[in-house]
Amino acid sequence: MLRTLRLIPTLSRANMHSTAHNFGAAQARLKEPEDCLAFNAEFPGPCHYHQLYEESLANPDTFWTNIASQLHFKHKSDKGLEYNFDQRKGDVFVKFMDGSITNVAFNCLERNIFRGLGDKIAYKWEGNADGDYESITYNELRTKVVEFSRVLKNRGVKKGDVVGIYLPMIVELPIAMLACARIGAIHSVVFAGFSSNALAERLRQSGAKTLITCDGFYRGKKHIPLKSIADEALMICKNINHSVESTICFEHLKRVTATGAASEVAVINDEENWDNAVADSKEVSAPVEWCQAEDPLFILYTSGSTGAPKGIVHTNAGYMTSAYYSMQVTFDAKPETDVYWCMADCGWITGHTYAVYGPLLNGMTSVLFEGIPSFPDYSRTWKIVDKHQVSKLYTSPTAVRSMMAHPDHMVKDYERSKLKVIGTVGEPMNPCAWKWLNEVVGEKACAIVDTYWQTETGCHLLTSHHTAVPQQSGCGNLPFLGISPQLLDDNGKKIRGEGHGTLVVDRAWPGMMRTIWGDHKRFIDAYFSPYPGYYFTGDGAKRDDEGHYWVTGRVDDLMNVSGHLLSTAEIEAAIASHPMVVEAAVVATSHKVKGQTPYAFVTIPDTAKFSDKIVNEMKAIIRKKIGPIAVPDIIQFAPGLPKTRSGKIVRRILRKVADGEKEANLGDTSTLTDETVIHELWVNRPIKL
Ligand code: WTA
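Residues numbered from 1 in each chain as written. Predicted model: local features only at pLDDT ≥ 70, side-chain atom pairs only at ≥ 80, totals over all residues. Heavy atoms only, no water.

A. The site of the ligand, seen in detail. In the vicinity of the ligand there are 17 residues, among which Asp 450, Thr 451, Thr 455, Asp 539 and Arg 554 approach most closely. At 2.6 Å, a side-chain N or O of Thr 455 approaches an oxygen atom of the ligand. Between an oxygen atom of the ligand and a side-chain N or O atom of Arg 554, the distance comes to 2.7 Å. Elements represented by at least two residues in the shell around the ligand include exactly α12 (349-361), β20 (447-452) and β27 (549-554). (Near = heavy atom within 4 Å. Polar contact = N/O pair within 3.5 Å; in protein donor to acceptor, adjacent residues only side chain to side chain. Helix = DSSP H or I, 4+ residues; strand = E, 2+ residues; numbered from the N terminus.)

Structure follows, in structure tokens:
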């Protein structure tokens, strides 16, 4: 039976009136912005790619400020892009329209409402259970955002304060993000699949004093007791000398269909309860806080190849401009007719830019999906595409690989005639996944757009602009407008024309990160010291003589599991915290669905004690410290690890073991300290390889 859930209480005539009245008042206060342009039908789309690309590099200030002029600024300075990538010339910095004043939430909501989009659906929420559904219009979304801004104000949150958000894919997640943006608070969303330790660490690092969460949710049949994980994180915070002063907890479970047994009942006290908090703050004033162009909008943590996760900082004007524009160009956005669906979780950058800010800035109608592609079965994605007549879909190679392992009728039973663009992100697109998307899903009538970018870049860096790049499997990508990539050789010299090297960018664009929260030195060390004068992506890439790029993977110690970056160092540190572990090394090995998966080598003092029990204990530690995604498929016993004479672990050899290669293919091992440990690695390799 189709069950309809209501996120928004039915409006009686009386309160409809009062809502209209409230908004009328807001409208009266805020004059309709003159420079808030309607959509320009003449907007040059990707068909003009080459010409536009040249313009974007020749006159970047004009190019980007023209795009920004389609958005609302309370005050505009005469500044464009200002930056320095070379620390030898002074501090590394990036600014866009410095001195201008704007508000991103206003641009996502009020600006659209003033353009007459108030009754347009902003989100079509599809719950984890098939049948749990609700929609919310731009007007309704704004009302909820204002309501929640009042709650934040009532809790003492001020402009510049950091607010932690730990929520699944429910409408309250964008509501909380936008409420922060409205009052100038900085949101720091932590993916709801992260463990209590990971959450605590991110709350401490960001200095968040407020945490927004919910009672729990279902992921397929699995109940995730989010509130209790959040409570555990708050206890951990206390132990690491960080106190979160205020928690707001949304009761989500009472409005969804249970798809499995709840593992525990959430304990929510009165002052934590979201609804109570809304009721208590009705009289509080929470107007739009006009922010400086370079005020931080959000922090998002991403794995670092060494040490703690990095709090990537994005700011208002630049991020907004890039999110708005890249959404339009890459997806050939047609807000009047499109139904767009970004399958990424808002806990990652893809969800920030392309499920929240990009689509809302463009006045799009988007699907927001709480569930997973495999539940109740692998046809779920296509059922949703059919139900909402989705025209633009943004997914990942991992999701595609998991779906293509099932019979084609799971796709073909559902109508996909409106589907025009299918974007992917997170990892390189392998040819058979491309072919499946093209033939089975798209029936050769869709553009398939591989997008390469990063948490740090804020928006797309390389994409297969579908009218500029032939629709062919394995065709390389072109730089996004305004992006100037370069390849460097081992000596840091620019490669001209065709070649393979380290991918860097030689000039700034508006949406790139500005710093690492609380650690500007690390920002410079990680991204600008490796090659002075360039932004270092950490990826390698190939380029052909026509300027098409193929990203070949990380050149540092990060791995890409199901499109999520994980640090080998962080997993190693988690394993090493097991009392029996002497040393651990983790490498990435390829995986049919996940792309890559961690594979660990562990040394303990007594060989005989290496048992399934210990392996499970190690896995439990990783699950707890980082999250399930980081748990290695295999933890192998190693009496010793191969090392260079300077004591560096030789991961090249470990990768060969993990990849199932023959010992004979080892290559030169003469520089290693103890060659006998190498043979042992092959002896101890699990049989199933
Ligand atoms: C990888 C995700 C190849 C890359 C938006 C990058 C890709 C890292 C692609 C960033 C792609 C992302 N082809 N590799 N299309 N997209 N990557 O920060 O290694 O979670 O550096 O941002 O994912 O991951 P992040």
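Next, the rest of the story.
B. View of the pattern of salt bridges. One pass over the structure, following the stated rule, counts 30 salt bridges. The closest approach of N and O atoms between Asp 295 and Lys 159, which form a salt bridge, is 2.8 Å. Of this pair, Asp 295 sits in the loop between β13 (291-292) and β14 (296-302) while Lys 159 sits in the loop between α6 (138-154) and β7 (162-166), and the two are 136 residues apart along the sequence. Here Lys 521 and Asp 525 are joined by a salt bridge, their closest N and O atoms 2.7 Å apart. A residue pair is termed a helical-turn pair when its members lie 3 or 4 positions apart in one helix, as Lys 521 and Asp 525 do in helix α17 (residues 520-527) at four residues. (Salt bridge = Lys/Arg side-chain N within 4 Å of Asp/Glu carboxyl O.)

C. Quick look at the packing of aromatic side chains. Under the criterion given, the structure shown has 32 aromatic pairs. Between Phe 148 and Trp 274, the aromatic rings sit 4.1 Å apart at their centres with planes inclined by 15°, giving stacked as the arrangement. Placement of the pair is Phe 148 in helix α6 and Trp 274 in helix α10 (residues 274-280), with a sequence separation of 126 residues. Residue Phe 148 is classed as buried on the basis of its relative accessible area of 1%. Under the relative-accessibility criterion, Trp 274 is labelled buried at 5%. Members of the aromatic cluster, joined through ring pairs, are Tyr 83, Phe 85, Trp 509, Phe 523, Tyr 527, Phe 528 and Tyr 535. Between the NZ or CZ atom of Arg 255 and the centre of the ring of Trp 125, over which it lies, the distance is 5.6 Å. (Phe/Tyr/Trp six-rings, centres within 6.5 Å; stacked < 30°, edge-to-face > 60°. Buried < 20%, exposed > 50% of the residue type's maximum accessible area, 1.4 Å probe, protein only. Lys NZ or Arg CZ within 6 Å of the ring centre and 35° of its normal.)

D. Representation of the nonpolar core in the model. Residues Leu 141, Phe 148, Leu 152, Ile 165, Ile 212 and Tyr 357 are the most contacted members of the largest nonpolar core, which totals 143 residues. A per-element tally of this core places helix α7 (residues 172-183) first, with nine residues. In this structure, Leu 393, Met 403, Leu 419 and Val 441 belong to the second largest nonpolar core, which totals 25 residues. (Core = buried A, V, L, I, M, F, W, Y, C linked by side-chain atoms within 4.5 Å.)

E. Fine view of the side chain of His 564. Relative to the elements of secondary structure, His 564 occurs in strand β29 (residues 564-567). Residue classification places His 564 among the buried residues on the basis of a relative accessible area of 17%. Residue contacts for His 564: discarding those within four places in its chain leaves Trp 348, Met 559 and Ile 629. (Contact = heavy atoms within 4.5 Å.)

F. Fine view of the sheet that holds strand β17 (residues 365-369). A sheet is described by the order of its strands in space; here nine strands give the open sequence β6-β5-β17-β16-β18-β19-β20-β21-β22, paired in mixed fashion. At either margin of the open sheet sits one strand with a lone partner, and together these are β6 (133-137) and β22 (478-479). Note: β20 against strand β21 (residues 462-463), two bridges, orientation antiparallel. Residue pairing for β21: Tyr 452 is matched across the bridge by Leu 462. Relative to the sheet, helix α13 (residues 380-388) contacts β5 (121-126), β6, β16 (339-342), β17 and β18 (392-395), its axis offset from that of β5 by approximately 145°. (Pairing = 2+ DSSP bridges. Axes fitted to C-alpha atoms, helices over the stretch in contact; angles between N-to-C directions.)

G. Unusual backbone geometry, seen in detail. Cis geometry marks the peptide bond from Phe 375 to Pro 376; its omega dihedral reads -5°. Along the chain, the position of Pro 376 falls in the loop between β17 and α13. If you check the backbone angles, Asn 241 has positive phi at about 65° while not being a glycine. With respect to the element layout, Asn 241 can be found in the loop between α9 (226-239) and β12 (246-250). The class for Asn 241 is exposed, based on a relative accessible area of 76%.

Geometric descriptors of this kind do not, in isolation, establish any biological role.
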